Amino acid sequence: RRVHGIFPVLCDIELCKANEGEEVILAYKRQVVLQTIDEAWKEHLREMDDMKQSVQHATYEQKDPLLIYKFESFNLFKGMIEKINYEIISTLMKSSLMTPRQQEMQTPVMRPKTDMSRYKIGKPETDPPSTATMEQQPKINKEKK
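Residues numbered from 1 in each chain as written. Predicted model: local features only at pLDDT ≥ 70, side-chain atom pairs only at ≥ 80, totals over all residues. Heavy atoms only, no water.

1. A closer look at the overall build of the protein
For the protein, the helix and strand inventory stands at 5 helices and 0 strands. Along the chain direction, N to C, the helices and strands of the protein fall in the order α-α-α-α-α. Burial statistics for the protein: of 145 residues in total, 15% are counted as buried. Counted over contacts in the protein with a minimum sequence separation of 6, partners at least 24 positions apart contribute 65%. As presented, the protein carries roughly 13500 Å² of accessible surface, and 57% of it is formed by carbon and sulfur atoms. (Helix = DSSP H or I, 4+ residues; strand = E, 2+ residues; numbered from the N terminus. Buried < 20%, exposed > 50% of the residue type's maximum accessible area, 1.4 Å probe, protein only. Contact = heavy atoms within 4.5 Å. Areas by Shrake-Rupley, 256 points an atom, 1.4 Å probe, with all protein chains shown as cover.)

Printed below as a string of structure tokens:
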């Protein structure tokens, strides 16, 4: 039974030692898949029961309840499959199980830090235009002829 994202993992300890922990990862993946499918299937059956009761009202609307039931149940099944795929991928991507060999391969490379003390922080200061540059600009004659 899954409780708030906790998956009990059962595996042979001797096999784990021989595979350097890969058996634990496989058992965890297996448990995630099985429990996700189990929970989704239980919810799907409850939804099917609710839909069965609502389809019975379709006879009052002069509609074929069997066709409605088939169509709606197929849509529910597709939704369940999408939810299962999303939940499994999401759970496995959020988990971080690595064998010792994988941990060694992912040791971070330390880069030297850049000395930021010599850089100025804030807006660059702009000097107001000097009068010398204003005098050099040609004057525009705005008089009408």
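Read on, since the account is not over.
2. Structural notes on the side chain of H44
Among the structural elements, H44 can be located in helix α2 (residues 22-55). Of the residues examined, H44 reaches a relative accessible area of 5% and is grouped as buried. If near-sequence neighbours (up to four positions away) are discounted, H44 is found in contact with S73, L76, F77 and M80.

3. What about a nonpolar patch on the surface?
A cluster of nonpolar side chains, contributed by W41, L45, F77 and I81, occupies part of the molecular surface with about 360 Å² of accessible area. Elements with a contribution of two residues or more to the nonpolar patch: α2 and α3 (65-94). Within the element layout of this structure, I81 appears in helix α3. (Patch = residues over 30% accessible without salt bridge, like charges linked within 9 Å, V, L, I, M, F, W, Y side chains within 5 Å. Salt bridge = Lys/Arg side-chain N within 4 Å of Asp/Glu carboxyl O.)

4. A word on the environment of Q31
Within the secondary structure, Q31 sits in helix α2. Separated by 22 residues in the primary sequence, Q31 and V9 have C-alpha atoms spaced 6.7 Å apart.

5. Re the packing of α2 against α3
Closest axis-to-axis distance for the α2/α3 pair is 9 Å, and the angle between their directions is 155°. Considered as vectors, α2 and α3 are oriented roughly antiparallel to each other. Relative to α3, the crossing made by α2 is right-handed. In terms of residue class, the contact of α2 with α3 is made up of 18 nonpolar, 4 polar and 7 charged. (Axes fitted to C-alpha atoms, helices over the stretch in contact; angles between N-to-C directions. Parallel < 35°, antiparallel > 145°, perpendicular 65-115°, else oblique. Left-handed = near helix turned anticlockwise from the far one by under 90°. Nonpolar A, V, L, I, M, F, W, Y, C, P; charged D, E, K, R; others polar.)

6. Considering α3
Taking 1.5 Å per residue as the helical rise, α3 with its 30 residues ought to reach 44 Å, and the 43 Å between its terminal C-alpha atoms agrees with that figure. Of all the residues in α3, the buried ones are S73, M80, I84, I88, S90 and T91. Looking at the buried positions of α3, the neighbouring elements they touch are α2. (Expected span 1.5 Å × (residues − 1).)

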